[in-house]
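A closer look at the structure
Given next are the chains, with one letter for each unit.
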Amino acid sequence: MPRLEELDDPHMFEAYGLYLLTSNHRFVRRLKNYYSPSVHGHKTWRSSYLLMDYFGLKPLPRRARVMEVGCGWGPAGIFCAREFQARVTGVDMDEDVFPFLDVLAALNEVEVKSVRKRFQDITKRDLAGQHTLIGSDICFWDSMTKPLFNLTRRAMDAGVKQVVFADPGRSPFHALADRCEKYFDVTCEPWYALEPKRSEGYVMVVR
Ligand SMILES: C[S@@+](CC[C@H](N)C(=O)[O-])C[C@H]1O[C@@H](n2cnc3c(N)ncnc32)[C@H](O)[C@@H]1O
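Residues numbered from 1 in each chain as written. Predicted model: local features only at pLDDT ≥ 70, side-chain atom pairs only at ≥ 80, totals over all residues. Heavy atoms only, no water.

The next point concerns the sheet that holds strand β8 (residues 186-193). In any sheet, the strands associate via hydrogen bonds between backbone groups, in a parallel or an antiparallel arrangement. If you walk across this open sheet you meet the seven strands as β5-β4-β3-β6-β7-β9-β8, and the pairing is mixed. Lying at the two open borders of the sheet, with one neighbouring strand each, are β5 (113-116) and β8. Between one strand and the next, the sheet's axes are offset by a mean angle of 20 degrees, whatever the strand orientation. Two strands pair when backbone bridges link them, and strand β7 (residues 162-167) and strand β9 (residues 199-206) are joined in this way by five bridges, in the antiparallel orientation. Bridging from a neighbouring strand, D167 pairs with Y202 of β9. (Pairing = 2+ DSSP bridges. Helix = DSSP H or I, 4+ residues; strand = E, 2+ residues; numbered from the N terminus. Axes fitted to C-alpha atoms, helices over the stretch in contact; angles between N-to-C directions.)

Our next topic: the site of the ligand. In the region of the ligand, 24 residues are neighbours, and W45, G70, D92, F119 and S136 sit closest. With respect to the ligand, the backbone of G70 contributes an N or O atom lying 2.8 Å from a nitrogen atom. Between the ligand and the protein, one listed contact pairs an oxygen atom with a side-chain N or O atom of S136 at 2.6 Å. The protein chains hide 97% of the 600 Å² of surface that the ligand would expose on its own. Of the residues in the shell around the ligand, the class split is nine nonpolar, eight polar and seven charged. (Near = heavy atom within 4 Å. Polar contact = N/O pair within 3.5 Å; in protein donor to acceptor, adjacent residues only side chain to side chain. Areas by Shrake-Rupley, 256 points an atom, 1.4 Å probe, with all protein chains shown as cover. Nonpolar A, V, L, I, M, F, W, Y, C, P; charged D, E, K, R; others polar.)

Okay, structure coming up:
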């Protein structure tokens, strides 16, 4: 049963034990005067709740190293830091997302390292030592399937234990799952989350 907490601030809400901000929150509006995420990294996307729900059922080891790719505001990574004391790195090609990530991390009393890189430029060296690679709502254009497949392959080669991506179920994401299935042990299951309200989609796990 989701826990409901009344918050005084109408632009702050709770999901899976995290405090999150709507686009109208005064902190967000102020940051938007200076930073303009340009590749859809302008809010918390709903697939991130699928990852929170998934990791609630399949917890990470305490203090695992987690890399969130296409992190945007970093909600899923912040959840892992808060819930499992994971050591999280948020990676995004758009450096304008990081001030929003920093505010959300501070609000939730965790630290998340941020790195500006494209999927294509994340090397095996960057991936070595990471326990889990995560990403939510990052495979929304056909052109993203190939770089994310190649990133998954580099992650597996580098010894990452699992790659866990969530998506509402767009065709480039399913194409990614189909491609991964040819080479790796993959599950791609329909998933739903109930916080902050019901969201549906898929969680793909590659091992
Ligand atoms: C739809 S947002 C999702 C943000 C976050 N994962 C969430 O669930 O709230 C997609 C994010 O992926 C980032 N992104 C898109 N293409 C990328 C690429 N080639 N390399 C790295 N980041 C990318 C965007 O800048 C954006 O922050």
